[in-house]
Amino acid sequence: MEMVKYVISDNNYSWWIKLYFVIIFTLVLSVAVNLAVGIYNKWDSTPVIIGISSKMTPIDQIPFPAITVCNMNQAKKSKVEHLMPGSVGYAMLQKTCYKETNYSQYMDNHHRNETFPNFILDVSEKCSDLIVSCIFHQQRIPCTDIFRETFVDEGLCCIFNILHPYYLYKFKSPYIRDYTSSDRFADIAVDWDPISGYPQRLPSSYYPRPGVGVGASMGLQIVLNGHVDDYFCSSTNGQGFKVLLYNPIDQPRMKESGLPVMIGHQTSFRIIARNVEAIPSIRNIHRTKRQCIFSDEQELLFYRYYTRRNCEAECDSKFFLRLCSCIPYYLPIIYPNASVCDVFHFECLNHAESQIFDLQSSECKELCLTSCHDLIFFPDAFSTPFSQKDVKAQTNHLMNMSKVV
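Below or above, wherever it landed, is the structure these notes cover. Computed from a predicted model, the values in this text were never measured in an experiment. (Residues numbered from 1 in each chain as written. Predicted model: local features only at pLDDT ≥ 70, side-chain atom pairs only at ≥ 80, totals over all residues. Heavy atoms only, no water.)

Here we look at the overall build of the chain
Item 1. A tally of helices and strands in the chain yields 15 helices and 15 strands.
Item 2. Long-range contacts, defined as pairs at least 24 residues apart, comprise 72% of the intrachain contacts of the chain with a sequence gap of at least 6. (Helix = DSSP H or I, 4+ residues; strand = E, 2+ residues; numbered from the N terminus. Contact = heavy atoms within 4.5 Å.)

The structure is reproduced here in structure tokens:
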């Protein structure tokens, strides 16, 4: 600065030299100010730095992923082939099979004994029939002890290692079945969340179960029976299963994220777990700038723990409740007195599902930021067909089977 002042005030320099120094100084000052403003704006918009922690997290301190298994067959042929067109059961079957039907004739049908969730429960394949063998941590376990039936967006499916409903939900839904064991002493349910982790004092056998080692032998191995002869309609264009691996406190979204498993194949999943943590000091930064939410910062209506997936699921519930005065059976019942959608809501549901979302729903989901503490699983699937020798020896048996490791 002193040099520029000296050059301008010194009469020994010609005017063009003085102009040259003024232009160069102005350019340098502009570049410096522009860089400083850019750095400030970047800090102001993204004040949080994401890095890799130098501290390793043992896998026995985080849960084994929750696993949901669905048969693509939406209804057993032996259960629905007698239903006649025009009947209420036939209308529910069309909805279950994602077929276009005019439901306006059923809009006044409010007085019935069977609800739509009960219909799905009756015509769908039970976990005891779907999953025929289970090995976990090199121990063979009755599948009914570790899997339970649950409703997801593709019907009735089987779920493993989810957080117990007492810890996961704020109030009990009539369509949520408890974890029970009929053949042996049940594992004890414990609480878990990404911030606090497991309780300090744990029983000898509990769930959500943690990981205990690496490799296929230390994971979960299940054998699935597709019952192809009893297929009526599929959620896709073919036969098989869908599998989803996710955080034990999350709302599963099978349609969006389910991975296909082919019949007659062994499918293995290599899992990479990513544990996201945040230091407490970033709480002082507004959530819109740090782009994440701590679990205790946003209260959900149905779930005890905040995750982005749970928050978006509640936004979907609000959307359907606003448009159709009911909530689909697979979404969280955000109010204890809310109605579950039934056959007389189907016409409205079809319209709402084609609309997908409205402005209020979009605004609601924009507020569902990522969790500051989260556990994310990234599965990498690879599949191999059963050997020809085994297929020839047990053709009718293996052609209906799949093995998931």
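A few points about the packing of helix α11 (residues 308–324) against helix α12 (residues 346–355)
Item 1. Packing of α11 against α12 leaves a shortest axis separation of 10 Å and a crossing angle of 135°. Classified by the angle their axes make, α11 and α12 are oblique. Remark: the crossing between α11 and α12 carries right-handed chirality. Across from Phe-319, Phe-320, Leu-323 and Cys-324 in α11, the residues of α12 making contact are Cys-348, Leu-349, Ala-352, Glu-353 and Gln-355.
Item 2. Here the residues of the contact of α11 with α12 are counted per class, giving 7 nonpolar, 1 polar and 1 charged. (Axes fitted to C-alpha atoms, helices over the stretch in contact; angles between N-to-C directions. Parallel < 35°, antiparallel > 145°, perpendicular 65-115°, else oblique. Left-handed = near helix turned anticlockwise from the far one by under 90°. Nonpolar A, V, L, I, M, F, W, Y, C, P; charged D, E, K, R; others polar.)

A word on α11
Item 1. Relative to the 24 Å expected for 17 residues at 1.5 Å per residue, α11 spans 24 Å between its end C-alpha atoms, a close match to the ideal helical length.
Item 2. Within α11, burial applies to Asn-310, Cys-311, Glu-312, Ala-313, Glu-314, Cys-315, Asp-316, Ser-317, Phe-319, Phe-320 and Cys-324.
Item 3. Close packing links the buried residues of α11 with α12 and α13 (359–366).
Item 4. Ser-325 sits one or two positions beyond α11 and adopts a positive phi of about 60°. (Expected span 1.5 Å × (residues − 1). Buried < 20%, exposed > 50% of the residue type's maximum accessible area, 1.4 Å probe, protein only.)

With respect to the state of the cysteines
Item 1. Counted under the stated rule, the structure contains 9 disulfides.
Item 2. In this model, Cys-97 is linked to Cys-233 through a disulfide, with the two sulfur atoms separated by 2.0 Å. One disulfide, between Cys-97 and Cys-233, carries an S-S torsion of -65° and so falls in the left-handed class. Taken together, the residues span a long stretch of sequence, with Cys-97 in the loop between α4 (88–96) and α5 (116–123) and Cys-233 in strand β10 (residues 231–234) at a distance of 136 residues. (Disulfide = S-S within 2.5 Å.)

Regarding the packing of α4 against α12
Item 1. Look at α4 against α12: their axes get within 12 Å of each other, and the N-to-C directions meet at 15°. Between α4 and α12, the interaxial angle falls into the category roughly parallel. In this structure, the crossing between α4 and α12 has a hand that is left-handed. In contact with Ala-91, Met-92 and Lys-95 of α4, α12 contributes Phe-346, Leu-349, Asn-350 and Glu-353.

Topic: the packing of aromatic side chains
Item 1. Under the counting rule described, the total for this entry stands at 14 aromatic pairs.
Item 2. Look at Phe-64 and Phe-160: their rings are 6.2 Å apart centre to centre, the planes differ by 75°, and that puts the pair in the edge-to-face class. Of this pair, Phe-64 sits in the loop between α2 (15–45) and β1 (66–71) while Phe-160 sits in strand β6 (residues 155–160), placing them 96 residues apart in sequence.
Item 3. Its relative accessible area of 0% is what places Phe-160 among the buried residues.
Item 4. Through successive ring pairs, a cluster of aromatic residues spans Phe-116, Phe-151, Tyr-329, Tyr-330 and Phe-346.
Item 5. The ring centre of Phe-346 lies 5.9 Å from the NZ or CZ of Lys-95, which sits over that ring.
Item 6. A cation over an aromatic ring shows up here: Arg-283 above the ring of Phe-294, its NZ or CZ 4.0 Å from the ring centre. (Phe/Tyr/Trp six-rings, centres within 6.5 Å; stacked < 30°, edge-to-face > 60°. Lys NZ or Arg CZ within 6 Å of the ring centre and 35° of its normal.)

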